[in-house]
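# Report on the structure
This is what each chain is made of:
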Amino acid sequence: MSMNAIQIKNITKKYSNVTALDNVSFSFEFGKIYGFLGRNGAGKSTLINIIANRIFADNGVVLVDDITVRENMEVHEKIFCMSEVDLYDGDLKIKEHFKWINRFYDSFDLDRALEISEKFNLDTNKKFKALSKGYQSIFKLTVALSLDVPYVIFDEPVLGLDANHRELFYELLLKDYENSERTIIIATHLIEEVANIIEEVVLIDKGKVLIQENVDNLLETGYSVSGVAKEVDSYCSNKNVIGYDELGSLKIAYVLGEKTPLPQGSNLQISTMNLQKLFIKLTEKGGKQYE
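Residues numbered from 1 in each chain as written. Predicted model: local features only at pLDDT ≥ 70, side-chain atom pairs only at ≥ 80, totals over all residues. Heavy atoms only, no water.

## Side note on the sheet that holds strand β4 (residues 59-64)
Ordered in space as β2-β1-β4-β5, the four strands form an open sheet in which the pairing is antiparallel. Lying at the two open borders of the sheet, with one neighbouring strand each, are β2 (18-29) and β5 (67-68). In this sheet, β5 lies alongside β4 in antiparallel orientation, the contact comprising two bridges. Note on β5: the bridge partner recorded for V64 is I67. The strands touched by helix α1 (residues 44-51) are β1 (5-15), β2 and β4; relative to β1, the strand with the most contacts, the crossing angle is about 120°. (Pairing = 2+ DSSP bridges. Helix = DSSP H or I, 4+ residues; strand = E, 2+ residues; numbered from the N terminus. Contact = heavy atoms within 4.5 Å. Axes fitted to C-alpha atoms, helices over the stretch in contact; angles between N-to-C directions.)

Dropping the structure here:
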């Protein structure tokens, strides 16, 4: 049976004494918008670079629609990875870059690239190296949004973009997704921004996948309980608590799983968990507070 997906199978990657990815296996299925979440250094970029064929895993294999990615040109028209790495000649003008990309990818839509550039006020007569960091990102986003490939990975797509440009990017992304079915993977640590766009979450921490789950399910199963510490503790005694915050004599517990009714006369309050909070609580056990 053929799979329309990016399948990551038993991927391990070590750098000298650090294990960046530790036997990671999961799939990005076709036709969904994923949030690929993790702190900096969690292994996100390493995995993206392996999928994009820029570095090789020590073990394991990545398949795109059942085709092995490693050094395989067949994958070229299936996947595009927009990332922070600068692969672009600084001396070429943006419109010349578009022409080259148009030659290199059958699925590149040059008119669309020019149209998107206009929306962002990207000056296509400027050389790449003359663009600000933000506009270099905008150029890369424009390329990614102008390619009609089934899998597009955006690695920290909005770095250096102002609020208006970020809004515009998310808007274009959703419009694009509605017009042609594809898989969009947004690797980011700005979770709140993408929380209402993404359908599925893959959360990676210290080289392992902590969670792969539908966002709605995840938010339904997560909640917080707040009140006086000892009431909170007794309510949570046999629950899956992923973290606490304490403020004076008050305590907030973050819980995954079934909500049980509050005891009679209880002053506890239950509220829904947001994705950002969930993420912080799941990953902060191992290290510093997330930025």
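## Here's the deal with the pattern of salt bridges
Side-chain pairs of opposite charge can arise where the charged atoms are in close proximity. Overall, the coordinates contain 15 salt bridges when judged by the stated rule. Measuring nitrogen to oxygen at the nearest pair gives 2.5 Å for the salt bridge that ties D91 to K129. Residue D91 is found in the loop between β6 (79-82) and α2 (94-104), and its partner K129 is found in the loop between α3 (110-119) and α4 (133-145); the two are separated by 38 residues along the sequence. Classification of D91 as partly exposed rests on a relative accessible area of 43%. (Salt bridge = Lys/Arg side-chain N within 4 Å of Asp/Glu carboxyl O. Buried < 20%, exposed > 50% of the residue type's maximum accessible area, 1.4 Å probe, protein only.)

## Some words on α1
Among the eight residues of α1, seven are classified as buried, and the element is accordingly described as predominantly covered. What α1 keeps buried is the set K44, T46, L47, I48, N49, I50 and I51. A positive backbone phi angle near 70° is found at N53, which sits one or two residues after α1.

## Structural notes on the sheet that holds strand β13 (residues 250-256)
Across a sheet, strands are paired by hydrogen bonds formed along the backbone, either parallel or antiparallel in direction. Read across the sheet, four strands follow the order β12-β13-β11-β14 without closing on themselves; strand pairing throughout is antiparallel. Edge positions in the sheet fall to β12 (240-247) and β14 (269-272), since each of these pairs with one other strand and no more. Looking at each pair of strands side by side, their axes are set apart by 25° on average, direction ignored. Across seven bridges, the pairing between strand β11 (residues 222-228) and β13 is antiparallel. Opposite V225, over in β13, you have A253 as the bridge partner. The sheet contacts of helix α9 (residues 275-284) involve β12 and β13, and relative to β12 the element is tilted by about 100°.

## Looking at the side chain of S224
You can see S224 is positioned in strand β11. What S224 contacts, discounting residues up to four positions off in sequence, is I252, A253, Y254, Q269, I270, S271 and T272.

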